[in-house]
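Descriptive structure summary
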Amino acid sequence: MRQASNRSERPAWSRRGILAVLGAVPAAVLTGCSGSADASEETTATPAASTKAETNAETKAKTPTITVTPADGTTKAGFTSPVEVAVADGTLSAVKVTGNDGSTLAGSYNDARTKWTSSENPFSGTKYTVTAQAEGADAKTATFTTKSPGETFVGYFTPEANSTSGVGMPVSINFTKAVSDRAAVEKAITVTAEPAVEVVGHWFSDTRLDFRPEVYWAAGTKITLSLRLKDVEGTDGVYGTQSKDVTFNIDRAQISTVDLATKTMTVVRDGSTLATYPVTGGDADHTTWSGIMVISERFKQTRMESSTVGLGDEYDIPDVPHAQRLTTSGTFIHGNYWASTSVFGSSNTSHGCVSMHDTQGADDTSVNGYKFYESSKLGDVVIVKNSDEVTVDPSNGLNGWNLSWADWTAGSAL
């Protein structure tokens, strides 16, 4: 039996119809590929261009932002940290920091030039103006004022500025407050010489710092003391105030040697003997310090009273002529009008000083006391030997030459 019902359910296709359909397929496929490619190009190209435009817009919108530390307007800024200038979204092209005292703070940039830091801290009690500029932007100006320190100290120095002294004169500094950070204070003080020579500091106490070379200064030396103590913290909460340079000069080289065995003093100037004087020194109960001493004060006339040196009421002479101090404790080399002329050069009769013949009133130019005084100056060296006394303490007057160079340099905090 034929199954006509199944055949009637299938569609009837002619050969031409089939070919027509098959022939249309490639066209449809090509059209689809072409249309897909065009759409893809439009989809990717349009967003990319948009994103680039937005990025450029954002870049143009960002401007450099400069920050100054301490902040603009600060009225009690600290002075123990450097000034900093930083920039975001840019690079620094110029920074200037000026104080109302006329000073300027130098500084340096980091490698990226996004930060500038002062090489020194700002001074206390000073108003500063900071002018900073970034590439492609307007300059920014900021101001701040540093606070003043609560407690301060200063250093009083010897010799006086612009003075001329003998070759034994050290540079001696006495501080008004005890120093606990000796290294910080000593680092802030330099002593230089022309002609050049190594100069080293030595701490005798927490209030005294002296400077000297290994041997006496050369005649004609120019010495410069540079104090950079301002805002240096000498001890907790106590700051220095000085920032200055002072100069001193060294004159001819005069060294006088007192031999209390022979009771004579020989004065040598620039290597040649200038004079020899008969003298008297301390007796057996009041021996004279031995060692190297430096003239630290000079008086045409002065009062000498035994009670001031712990000797009760043994003497009180109101007009000692031509007195020159050798120690803080009271040793002088001076003129003497009250002793017999026979003691000079023959016996030691004093209470510890060295003296030579003089006259009352200090005006007689013919006597040895006057002559030696007139030939001397502050900083001249007086060496005492054969006195039957120990060497004077180096801190007793300006007498640090009694320390060896090794012992002297060991007293430096640096």
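Residues numbered from 1 in each chain as written. Predicted model: local features only at pLDDT ≥ 70, side-chain atom pairs only at ≥ 80, totals over all residues. Heavy atoms only, no water.

**Here we look at the side chain of Ser-306**
Under the convention used in this document: Here a helix means four or more residues in a row that DSSP labels H or I, a strand means two or more in a row labelled E, and each is numbered from the N terminus. Here's how the labels work: a residue is buried when its accessible area is under 20% of the maximum for its type, exposed when over 50%, partly exposed in between, all with a 1.4 Å probe on protein chains only. We call two residues in contact when some of their heavy atoms are within 4.5 Å.
Mapping Ser-306 onto the fold places it in the loop between β23 (297–305) and β24 (316–325). We classify Ser-306 as buried; its relative accessible area is 0%. Once residues lying within four places of it in the same chain are set aside, the contact partners of Ser-306 are Leu-311, Gly-312, Asp-313, Glu-314 and Tyr-315.

**Some details on the pattern of salt bridges**
Keep this limit in mind: Salt bridges are identified by distance alone: a Lys or Arg side-chain nitrogen within 4 Å of an Asp or Glu carboxyl oxygen.
Per the counting criterion, the structure on display carries ten salt bridges. We note a salt bridge from Lys-177 to Glu-151, for which the minimum N-O separation is 3.5 Å. Of this pair, Lys-177 sits in the loop between β11 (171–175) and α3 (182–187) while Glu-151 sits in strand β8 (residues 151–153); the two residues are 26 residues apart in sequence, bridging distant segments of the chain. Accessibility expressed as a relative area gives 32% for Lys-177, which makes it partly exposed. For Glu-151, a relative accessible area of 43% gives the class partly exposed.

**Some words on the packing of aromatic side chains**
The criterion, for reference: Between the rings of Phe, Tyr and Trp (Trp by its six-membered ring), a pair exists once the centres lie within 6.5 Å; its type follows the angle of the planes, with under 30 degrees stacked, over 60 edge-to-face, and the other angles tilted.
Taken as a whole, this structure holds nine aromatic pairs when the rule is applied. Seen from their ring centres, Phe-153 and Phe-175 are 6.0 Å apart, and the 75° between their planes marks the pair as edge-to-face. With Phe-153 in strand β8 and Phe-175 in strand β11, this pair connects stretches of sequence that are 22 residues apart. Ring geometry for Phe-204 and Trp-408: centres 5.8 Å apart, planes at 75°, overall edge-to-face. You can see Phe-204 sitting in strand β13 (residues 200–205) and its partner Trp-408 sitting in helix α5 (residues 405–410), a full 204 residues away along the chain. Grouping aromatic residues by their ring pairs yields a cluster made of Phe-153, Phe-175 and Trp-203.

**Here's the deal with the confidence of the model for the protein chain**
Rules: As a per-residue measure, pLDDT tells how confident the predictor is, with possible values from 0 to 100.
Here the protein chain averages 89 in pLDDT, and 85% of its residues register 70 or above. Scored below 50 in pLDDT, residues 1–46 shows two contacts in the model against residues more than four places distant or in partner chains.

**So, the side chain of His-202**
Put simply, the rule is: Whenever a nitrogen or oxygen atom comes within 3.5 Å of another N or O atom, the pair is scored as a polar contact, on the condition that within protein one atom can donate a hydrogen and the other can accept it, and that pairs from neighbouring residues in sequence are kept only if both atoms are in side chains.
Within the secondary structure, His-202 is located in strand β13. Looking at His-202, its side chain comes within polar contact range of the main-chain oxygen of Trp-408, at 2.8 Å. Contacts of His-202, omitting those with residues within four sequence positions, involve Arg-208, Leu-209, Asp-210, Leu-403, Asp-407, Trp-408, Gly-411 and Ser-412.

**Quick look at the sheet that holds strand β6 (residues 127–134)**
Strand pairing in a sheet relies on backbone hydrogen bonds, with the paired strands running either antiparallel or parallel. What counts, and what does not: Strands pair, by our definition, only if DSSP identifies at least two bridges between them. Axis definition: a line fitted to C-alpha atoms, over the contacting stretch in the case of helices. Angles run 0 to 180 degrees between N-to-C directions.
Strand order in the open sheet formed by three strands is β3-β6-β7, and the pairing between neighbours is antiparallel. Because the sheet does not close on itself, it has two edges, and the strands there are β3 (92–99) and β7 (140–145). Across this sheet, the average inter-strand angle for adjacent strands is 15°, counted without regard to direction. Bridge count between β3 and β6: seven bridges; the pairing is antiparallel. Bridge pairing in β6 places Gly-99 opposite Tyr-128.

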